[in-house]
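Okay, here's what each chain looks like letter by letter:
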Amino acid sequence: MNRALPDVTLRVPTDEDAFTWYRIFADPEVMEFHGGRAAELSVYEELTARQRRHDAELGFCLWTMTGPGDEVLGFTGAQPWPHPWGPTGRIEIGWRLARAHWGKGYVTAAAHTTLERVRAAGVREVVAMVDTRNERSIAVTRRLGMEFAETHTSPTSALRAHRFQLSL
């Protein structure tokens, strides 16, 4: 039985979202597959500014995800793959969610909206890079209909990530 997905809203991140993302991502469980801890606040300030530029220039970005009562839940969206290894030049979809909201369908709902928006922006294929140990995110890629393509290893950290892809 499929359950109904919750309502989520995706909006371009604001300056204030940098503080909220920093607070949400200070949770070691949330950051387990992203280095284990939140980055410095300045990293989130730069990230939200970059996402505003992406939205203005590309028509998509990593959007701030909000739920009931306009509460910030995390982010979901798409951006050009930002590293010199892996799927260089490809559009990656991704998500990160506050621990209190795991298992409720928010990421899947927001990722479906992301796919609609990037398709409308003219993107014909997306990838998702997921740590090989991150079973929750791998499950999301399956719910989105993405297919496993290959495994990459980061040259700096030796962490391994599966690349999933989806034609739009």
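Structure: see above.
Because the structure is predicted, anything quoted here is derived from the model rather than measured.

J.: I keep staring at the nonpolar core and nothing clicks. Help me out?
T.: Soluble globular proteins tend to bury their nonpolar side chains together. Judged by nonpolar contacts, the single largest core of 43 residues is most densely connected at Phe-25, Tyr-44, Met-65, Ile-93, Val-126, Leu-144 and Met-146. When residues in this core are grouped by element, the largest group, seven residues, is from helix 3 (residues 106-120).

J.: How do you make sense of the side chain of Thr-114 when you look at a structure like this?
T.: Along the chain, Thr-114 turns up in helix 3. Owing to a relative accessible area of 0%, Thr-114 belongs among the buried residues under this scheme. Residues contacting Thr-114, with those up to four places away along its chain left out, are Leu-10, Trp-63, Thr-76, Gly-77, Ala-78 and Ile-93.

J.: Please explain the environment of Thr-20 as it appears in this structure.
T.: With respect to the secondary-structure elements, Thr-20 resides in helix 1 (residues 15-24). For Thr-20, a relative accessible area of 18% translates into the label buried.

About the criteria used
Residues numbered from 1 in each chain as written. Predicted model: local features only at pLDDT ≥ 70, side-chain atom pairs only at ≥ 80, totals over all residues. Heavy atoms only, no water. Core = buried A, V, L, I, M, F, W, Y, C linked by side-chain atoms within 4.5 Å. Buried < 20%, exposed > 50% of the residue type's maximum accessible area, 1.4 Å probe, protein only. Helix = DSSP H or I, 4+ residues; strand = E, 2+ residues; numbered from the N terminus. Contact = heavy atoms within 4.5 Å.

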